[in-house]
Structures are given as structure tokens and as C-alpha cells.
Amino acid sequence: DQQVKQNSPSLSVQEGRISILNCDYTNSMFDYFLWYKKYPAEGPTFLISISSIKDKNEDGRFTVFLNKSAKHLSLHIVPSQPGDSAVYFCAASTNVNTDKLIFGTGTRLQVFP
Amino acid sequence: GAVVSQHPSRVICKSGTSVKIECRSLDFQATTMFWYRQFPKQSLMLMATSNEGSKATYEQGVEKDKFLINHASLTLSTLTVTSAHPEDSSFYICSARTYPGYTFGSGTRLTVV
């Protein structure tokens, strides 16, 4: 039972344009959501998070949007850079302080010049 | 920022032997550590949650007698893969709860031959 899904396994974007990565979840108890960037044979690197009491959080080039009614969140990267090429995972938890993370299936982003 | 040091980064072992993976929180105390595994091109799957001074909590389908977890101090958690078989070959990653995003180790590539 995949509670967190990323339906696009890959995404290709031109440098300077916007990258939009999507994530859907099924568990309405999730109240904290995170995005991670991951390279092969390395641990994930935290990018940005959002609490369920908000619908948007922005940090530099990264913005996360949360639509609770649709159980959907998205990560916007603008402008995209070649160094952004990696696999992106969304993750969710039911308790911001102590609970385990459930990861999505990942989206491979490639930013080309 | 917070750092989780994970060792070894890669290990090759013979079938039937045991392998220990260590994760240390370097500049903070981690009362809880999470252990994940990732198969090629797949998501990170939570295996177990280790709590300092108490027994680990295993996810459904994870053999607790095969994957021994010890969290003897606030800065060290270990995962021992006992009687390893080729199907245990995978990428193992630990993480600790930090705010706003969990901090991950760099991962261990285990190959059982």
C-alpha cells in the first residue's frame, strides 16, 4: 500500500525554466510534508518542508504547495539549474516531532542546458 | 547543521556472515533513529525505528531476528544484518529526527556474495 505516490518517474526541463514535481498521498492523518534531493549511493538531502496548517512555503528557488483537500503537494524549482538534476522524493509524517517518514516513489529530474 | 555519520559506506560480505552498520549523530543527541533500505530505482522503505535504551520497532514484514538494531546511547545506533544472503544486498540508510527536516546518513551499500 503506497501511501505517498509520485506518478511521474522522470521529468526533463530546460535550464532557466520552472520544474514542477508532484506528489499525492492517501493518508489524511499526514500533517507534515518534506521534499528531499538524492544522488545515487548517497543519503537524501533535505530541501524544504510544509506543515498541514499552511498551503505554501518558500525558500529561495524552492516553493512547496499543499492542497489538503486534494491530498496533493508540489515542489516548484525556479529557475532550474543543471545542478538540480537528481532524484526528488516527497515524504510525509503524522507527527512533526517524532514520527517516521513515509517516502514517495521518487521523480528523476534532469535539467539540460 | 546536524550531521549523521554512517559507516561503512560500502561493504562486501560472504553469504552466511554478519555485517554491522553504524550511525552516529555527531553534534546532537538522537533518541530515535530510523533505518531504511533502498533497492535500485525504488523508494526508501522504512525497516525499523530504534529508540535509545529500548527495543526497536520493526515495520511489517521485516525480520527482527535478521536485522538486529541496537541503540545503546544517544549518539549511536547500529544495524546488524545477520546470516546475510544475496537478497539482502541493498542500500541501507539511517536518519535522525532534526528540525525542520530529518537528517540522513550517507548510506551503506551492502553486497552479499
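Computed from a predicted model, the values in this text were never measured in an experiment.

How each quantity is defined
- Residues numbered from 1 in each chain as written.
- Chains lettered and ligands numbered in written order.
- Predicted model: local features only at pLDDT ≥ 70, side-chain atom pairs only at ≥ 80, totals over all residues.
- Heavy atoms only, no water.
- Helix = DSSP H or I, 4+ residues; strand = E, 2+ residues; numbered from the N terminus.
- Rg over C-alpha atoms; globule rule 2.2 N^0.38 Å.
- Buried < 20%, exposed > 50% of the residue type's maximum accessible area, 1.4 Å probe, protein only.
- Areas by Shrake-Rupley, 256 points an atom, 1.4 Å probe, with all protein chains shown as cover.
- Lys, Arg positive; Asp, Glu negative; His and termini not counted.
- Charge placed at Lys NZ, Arg CZ, Asp CG, Glu CD.
- Salt bridge = Lys/Arg side-chain N within 4 Å of Asp/Glu carboxyl O.
- Contact = heavy atoms within 4.5 Å.
- Buried area = accessible area lost by both parts, 1.4 Å probe.
- 1 Å grid on protein atoms, 1.4 Å probe; cavity = no way out; pocket = protein on both sides within 12 Å on 5 of 7 lines; lining within 4 Å.
- Points joined across faces, edges and corners; volume = space filled by probe spheres on them.
- Nonpolar A, V, L, I, M, F, W, Y, C, P; charged D, E, K, R; others polar.
- Pairing = 2+ DSSP bridges.
- Disulfide = S-S within 2.5 Å.

Participant: Can you tell me about the overall build of chain A, naming the residues and giving the values?
Facilitator: In terms of helices and strands, chain A carries zero helices and eleven strands. Each helix and strand of chain A, placed in order from N terminus to C terminus, yields the pattern β-β-β-β-β-β-β-β-β-β-β. Taken over C-alpha atoms, the radius of gyration comes to 13 Å for chain A, in line with the 13 Å a tight globule of 113 residues would show. Overall size of chain A, expressed as C-alpha extent along the three principal axes, is 40 × 30 × 25 Å. Here chain A holds 113 residues, and 42% of them are scored as buried. Only carbon and sulfur atoms are counted for the fraction: they give 49% of the accessible area of chain A, which is about 5,500 Å². With 11 positive and 10 negative side-chain charges, chain A shows a separation of 3 Å between the mean positions of the two kinds.

Participant: I'd like a rundown of the pattern of salt bridges, residues and numbers included.
Facilitator: All told, the structure shown has four salt bridges over all chains when counted by the stated rule. With a shortest N-O distance of 2.8 Å, Asp84 of chain A and Arg61 of chain A are connected by a salt bridge. Taken together, the positions of Asp84 of chain A in the loop between strand S8 (72-77) and strand S9 (86-93) and Arg61 of chain A in the loop between strand S6 (56-59) and strand S7 (62-67) put the pair 23 residues apart, joining distant regions of the chain. Among the residues examined, Asp84 of chain A registers a relative accessible area of 3% and is labelled buried. Between Lys66 of chain B and Asp88 of chain B there is a salt bridge, with its nearest N and O atoms 2.8 Å apart. Of the two residues, Lys66 of chain B is situated in the loop between strand S6 (57-58) and strand S7 (67-73) and Asp88 of chain B in the loop between strand S8 (76-81) and strand S9 (90-96); the sequence distance between them amounts to 22 residues.

Participant: Give a detailed account of the interface of chain A and chain B, specifying residues and quantitative values.
Facilitator: Taken together, the 22 residues of chain A in the interface contact 18 residues of chain B. Between chain A and chain B, the buried area comes to about 1,600 Å², and carbon and sulfur atoms account for 58% of it. The largest share of the area that chain A buries against chain B comes from Lys100, Leu101 and Phe103 of chain A, three residues that together contribute 27% of it. In this structure, the connection of chain A to chain B is made through one salt bridge.

Participant: Report on the side chain of Gln6 of chain A, specifying residues and quantitative values.
Facilitator: Residue and element names in this part refer to chain A. Looking at where Gln6 falls in the secondary structure, it is placed in the loop between strand S1 (4-5) and strand S2 (10-14). Since its relative accessible area comes to 4%, Gln6 is described here as buried. The contact partners of Gln6, leaving out residues within four places of it in the chain, are Asn22, Cys23, Trp35, Tyr88, Phe89, Cys90, Gly104, Thr105, Gly106 and Thr107.

Participant: Describe in detail the layout of surface pockets, supporting the description with residues and values.
Facilitator: Roughly 470 Å³ of volume is contained in the largest pocket. Residue lining of the largest pocket: 25 residues in total, with Gln3 and Ile102 of chain A together with Met45, Leu46 and Glu59 of chain B positioned closest to the centre. Top contributing element to the lining of the largest pocket by residue count: strand S5 (residues 44-51) of chain B, with four residues. In terms of residue class, the lining of the largest pocket is built from twelve nonpolar, seven polar and six charged. Of the pockets and cavities examined, the second largest pocket occupies roughly 360 Å³. Contributions of two or more residues to the lining of the second largest pocket are made by S9 and strand S11 (107-112) of chain A. Class assignment for the residues of the lining of the second largest pocket results in nine nonpolar, five polar and four charged.

Participant: I'd like to hear about the sheet that holds S1 of chain A, residue by residue, with values.
Facilitator: All names here are of chain A. Here five strands make up an open sheet; going across it, the order is S1-S3-S8-S7-S6 and the pairing antiparallel. Each end of this open sheet is capped by a strand with a single partner; those strands are S1 and S6. Across six bridges, the pairing between strand S3 (residues 19-25) and S8 is antiparallel. Pairing of Asn22 across the sheet is with Ser74, part of S8.

Participant: With reference to specific residues and values, describe the state of the cysteines.
Facilitator: In total, this model carries two disulfides over all chains according to the counting rule given. Across the disulfide from Cys23 of chain A sits Cys90 of chain A; the S-S distance is 1.9 Å. Taking the torsion about the sulfur-sulfur bond, which here is approximately 65°, the covalent link between Cys23 of chain A and Cys90 of chain A counts as right-handed. Of the two residues, Cys23 of chain A is situated in strand S3 and Cys90 of chain A in strand S9; the sequence distance between them amounts to 67 residues. We note that Cys23 of chain A, like Cys90 of chain A, is buried. With a sulfur-sulfur separation of 1.7 Å, Cys23 of chain B is cross-linked through a disulfide to Cys94 of chain B.

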